[in-house]
Amino acid sequence: MTLQDLLNALHTGWDGFWAIPHIKTWLILGWLTYLVWLGGWIILQKREPAATLSWLMSLAFLPYLGFLIYYLLGPQKIDRHRLRRARRRVALAAFDDESSNPEYAEMQRMVLATTGFPPASATHVDMLVDGSHKYPRLLQDIATATREVHVEYYIYEPDQNGTALRDALTAAAKRGAKVRLLLDAVGSKKASKKFFQPLLDAGGELAWFHPMRLGRVWKFWKRPWVNLRTHRKIVLIDGRIGYTGGINITDEQDDRLRTDAYRDLHLRMEGNVVRELQQVFVEDWIYATDDRSLISDVVKGMPPLVAGDIPVQIVSSGPDSRWEAIHRAHVSAIHAAHHRVWMTTPYFVPGEAAMMALTSAALGGIDVRLMVPKMSDSKLVTFAARSYYDALLAAGVKLYEYGPRMLHSKTLLVDDDLAMIGSANFDHRSFRLNFEVHAIIHDRHIAGELEKLIEGEFAHAPRVRDPGTDRRPLFTARLPEAIARLMSPLL
């Protein structure tokens, strides 16, 4: 067949196209080759069977486009082992040697084995509820900085709060403090370099985590990190004060400015635990900038170790580790519970191990309560979460849907003495794809404060007693939930 014959056949439409000799055979062979090649690539990732099958089924019927989707968004591994090994060698890793809590010794050893962070301590821990409490306190602390301010955020908006923080960091840099700002390139895409120019002019440093530059994206041998983000929220001031939790830098989370601001929770800590948060930031900064001089700068400037009365252990996780440390810490804490497991999360898409832990605890007579938003900012995730309601309720888990504001706090309360607060949602994305950080606090006073906070939320969170599976509309409730459940390994 000549080129002119091919063009003539195509010009006559689909009938002419299919009339081309052997065209069906070649298309079928091409599709099968695509399936084998892409399927082999996915299978060799050795992920959970459910996630692997979900990817295979989703992409099998998207010839060629499926390859592009998986290339950009599929699971990826990041090699940061050298940084984690270095963690044990530098002086920054000289933590105080405190005895383990016997109730949670197994979990503490697991966190140490998977992250390198042993139990530490804090002299002060403050829970800051909503942006109205976090933002003013943060600006006050930055105003006292004399040596350094390290900042890492997923979302940083160039709005009122973003401008106030930029100006505070600029003032600190003008005083001579070393200011380093690390932002996720996707979450903080609205905050341009131009916006931060006053800070840069004052001597501050700005770096982007996994920047999406065309020069990097379209190198076939180097896949872009589209789907792997830093979801951490960390601020460190002179090595003395550390912030972490769920509140980003955005007016959307400031209840002073918006009546529909997210309901959220953040931590302000002082003491030795700040060194662990410092390590998390240092490794992220080196990874993003390849500037290893930061290690010696931080070590020289760290204040003396002062043991506190509040045991705290930092647990970090991300796609640079196979262990899913935050996921394991949640499951381990739930298994260790004696009488209570209370959890709040904006996104609830659990894996098999997490569902087994929650339902087993409830079946064993433990008071298991789960609070999620009545409607999160993702309808797909909301539908996926509701697909788990039947099994949870059947096991005896008490379910609550918070509203009308969006619940954004990520907390776990176990018994009367363990509280986990941080950046990770209870879903596959946070446990496997995002870089996250949590603080595990073994303290009755802090746990009691978290208990009062969650109890107060119940007034705005009607209890779900019967999802009415058989009575709810098929096309607007039951079917979307079932479909979202199938996609849950990909969320």
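That block above? That's the structure.
A.B. asks: Looking at this structure, how should I read helix α9 (residues 160-174)?
C.D. replies: Residue pairs three or four apart in sequence face the same way in an α-helix, which turns once every 3.6 residues. Taking 1.5 Å per residue, 15 residues should reach 21 Å; α9 reaches 21 Å between its end C-alpha atoms and fits that length. Looking only at α9, the buried set comprises Asn161, Gly162, Leu165, Arg166, Ala168, Leu169, Thr170, Ala172 and Ala173. In this fold, the buried residues of α9 make contact with α8 (131-142), β3 (148-153), β4 (178-184) and α10 (197-201). For α9, the N-terminal capping position is held by aspartate 159, with its side-chain oxygen 3.3 Å away from the main-chain nitrogen of asparagine 161. Immediately beyond the C-terminal end of α9, within one or two residues, lies glycine 176, with a positive phi of roughly 110 degrees.

A.B. asks: Looking at this model, I keep getting lost on the packing of helix α7 (residues 105-115) against helix α14 (residues 325-335). Mind explaining?
C.D. replies: For any two helices packed against each other, the geometry comes down to the angle between their axes and how far apart the axes lie. One can describe the packing of α7 onto α14 by two numbers: an axis separation of 10 Å at closest approach and a directional angle of 175 degrees. Taken together, the axes of α7 and α14 lie roughly antiparallel to each other. In this structure, α7 contributes Met107, Met110, Val111, Thr114 and Thr115 to the contact, and α14 contributes Ala325, Arg328, Ala329, Ser332 and Ala333. Across the contact of α7 with α14, the residue classes break down as six nonpolar, three polar and one charged.

A.B. asks: Looking at this structure, how should I read the sheet that holds strand β13 (residues 398-402)?
C.D. replies: Backbone hydrogen bonds hold the strands of a sheet together, and the pairing may be parallel or antiparallel. Here nine strands make up an open sheet; going across it, the order is β1-β9-β17-β15-β14-β10-β12-β13-β18 and the pairing mixed. Where the open sheet ends on each side, the last strands, each with one partner, are β1 (120-122) and β18 (463-464). Pairing analysis gives five bridges linking strand β10 (residues 340-344) to strand β12 (residues 367-373), with the strands arranged parallel. The residue bridging tryptophan 342 from the neighbouring strand is arginine 369, located in β12. Across the sheet, helix α19 (residues 444-457) is in contact with β10, β12, β13, β14 (411-414), β15 (418-422) and β17 (436-442); its angle to β14 comes to roughly 115 degrees.

Rules behind the numbers
- Residues numbered from 1 in each chain as written.
- Predicted model: local features only at pLDDT ≥ 70, side-chain atom pairs only at ≥ 80, totals over all residues.
- Heavy atoms only, no water.
- Helix = DSSP H or I, 4+ residues; strand = E, 2+ residues; numbered from the N terminus.
- Expected span 1.5 Å × (residues − 1).
- Buried < 20%, exposed > 50% of the residue type's maximum accessible area, 1.4 Å probe, protein only.
- Contact = heavy atoms within 4.5 Å.
- Polar contact = N/O pair within 3.5 Å; in protein donor to acceptor, adjacent residues only side chain to side chain.
- Axes fitted to C-alpha atoms, helices over the stretch in contact; angles between N-to-C directions.
- Parallel < 35°, antiparallel > 145°, perpendicular 65-115°, else oblique.
- Nonpolar A, V, L, I, M, F, W, Y, C, P; charged D, E, K, R; others polar.
- Pairing = 2+ DSSP bridges.

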